[in-house]
Amino acid sequence: LHRKVGWLGAGLAVAMVALGVYGALVAARRPTGFVEVPVPPLQFLAVPLFDMALFATLVGLAVAKRRDTQSHKRLMMLASVNLLAAGIARWPFAMMQAGPPMFFGLSDLFIVALGAWDLASRGRVHPVTLWGGLAIVVSQPLRLVLMGTDAWLAFAGWAVGLLG
């Protein structure tokens, strides 16, 4: 059944990326920016756009590897884990005040759990878990560094300007 309706899931992923990018651009264009985000909107735009780009990449690879079930399921899991930080950042706990290290770190625990599962079930970490997990972890501080650059602000201004 999953193989027969999988293309619906791929279509849903395309819709998620399109709506995610559009929603991020709309939020960055608003004078108040993103809801309850103290970072200037054009700077913060790096976070959802990186999320959408990495999600699309991981899902695209999962679709390409759909006949390799071990790779496919790990790529889909990592694509989902990549989006977790946004939800975790909204948890109403005082520890969330620690900012990105806390909510990225908590979401990264799911990557650690996937690696532990690989070790327990296969005796080694699957290459997709290793490289996909590494891509997520490396992208987290990268977007935070990039968001403060003049090049990013120029790109973000241009992207928001596309809305008209």
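Before going into details, it helps to say that this report is about the structure given with it. (Residues numbered from 1 in each chain as written. Predicted model: local features only at pLDDT ≥ 70, side-chain atom pairs only at ≥ 80, totals over all residues. Heavy atoms only, no water.)

A separate point is the overall build of the protein chain. Tallying secondary structure elements over the protein chain gives eight helices and zero strands in all. In the protein chain, the succession of α and β elements from N to C terminus is α-α-α-α-α-α-α-α. Taking 2.2 N^0.38 as the reference for a compact globule, 164 residues should give roughly 15 Å; the C-alpha atoms of the protein chain span a radius of gyration of 17 Å, in line with that estimate. Once the C-alpha set of the protein chain is aligned to its principal axes, its extents read approximately 50 × 35 × 30 Å. Taking all 164 residues of the protein chain together, 35% fall into the buried category. A sequence separation of at least 24 residues applies to 63% of the contacts in the protein chain between residues at least 6 apart. Taken as a whole, the protein chain presents about 9700 Å² of accessible surface, with 73% of it coming from carbon and sulfur. (Helix = DSSP H or I, 4+ residues; strand = E, 2+ residues; numbered from the N terminus. Rg over C-alpha atoms; globule rule 2.2 N^0.38 Å. Buried < 20%, exposed > 50% of the residue type's maximum accessible area, 1.4 Å probe, protein only. Contact = heavy atoms within 4.5 Å. Areas by Shrake-Rupley, 256 points an atom, 1.4 Å probe, with all protein chains shown as cover.)

So, about the environment of Met16. Residue placement: Met16 occurs in helix H1 (residues 2-29). Residue classification places Met16 among the partly exposed positions, given a relative accessible area of 35%. Expressed as a C-alpha distance, the spacing of Met16 and Leu61, which sit 45 residues apart in the sequence, is 16 Å. Not counting residues up to four positions away in its chain, the partners in contact with Met16 are Met52, Phe55 and Leu83.

Now for the environment of Leu83. Structurally, the position occupied by Leu83 is in the loop between helix H4 (69-82) and helix H5 (84-88). In the structure, Leu83 is positioned 29 residues away from Leu54 in sequence and 9.2 Å away in space, judged by C-alpha atoms. Non-local contacts of Leu83, meaning those with residues more than four positions away in its chain, are made with Met16, Asp51, Met52 and Phe55.

The next subject is unusual backbone geometry. Across residues other than glycine, the phi torsion is negative in most instances, and most of the peptide bonds are trans. Notably, Glu36 is not glycine yet its phi reads approximately 55°, a positive angle. Looking at the secondary structure, you find Glu36 in the loop between H1 and helix H2 (41-44). Glu36 gets classed as exposed once you look at its relative accessible area, which sits at 79%.

The next thing to look at is the layout of surface pockets. Its volume calculated, the largest pocket comes out at about 910 Å³. As for the largest pocket, its lining consists of 32 residues, and the residues nearest its centre are Val37, Phe44, Ala89, Arg90 and Phe103. Residue assignment for the lining of the largest pocket shows that the elements contributing at least two residues are H1, helix H3 (46-64), H5, helix H6 (100-122) and helix H7 (127-146). Considering each element in turn, the lining of the largest pocket owes the most residues, four residues, to H3. Of the residues contributing to the lining of the largest pocket, the split by class is 23 nonpolar, four polar and five charged. As a volume, the second largest pocket reaches approximately 530 Å³. Forming the walls of the second largest pocket are 20 residues, and the residues nearest its centre are His2, Gly6, Trp7, Arg66 and His72. (1 Å grid on protein atoms, 1.4 Å probe; cavity = no way out; pocket = protein on both sides within 12 Å on 5 of 7 lines; lining within 4 Å. Points joined across faces, edges and corners; volume = space filled by probe spheres on them. Nonpolar A, V, L, I, M, F, W, Y, C, P; charged D, E, K, R; others polar.)

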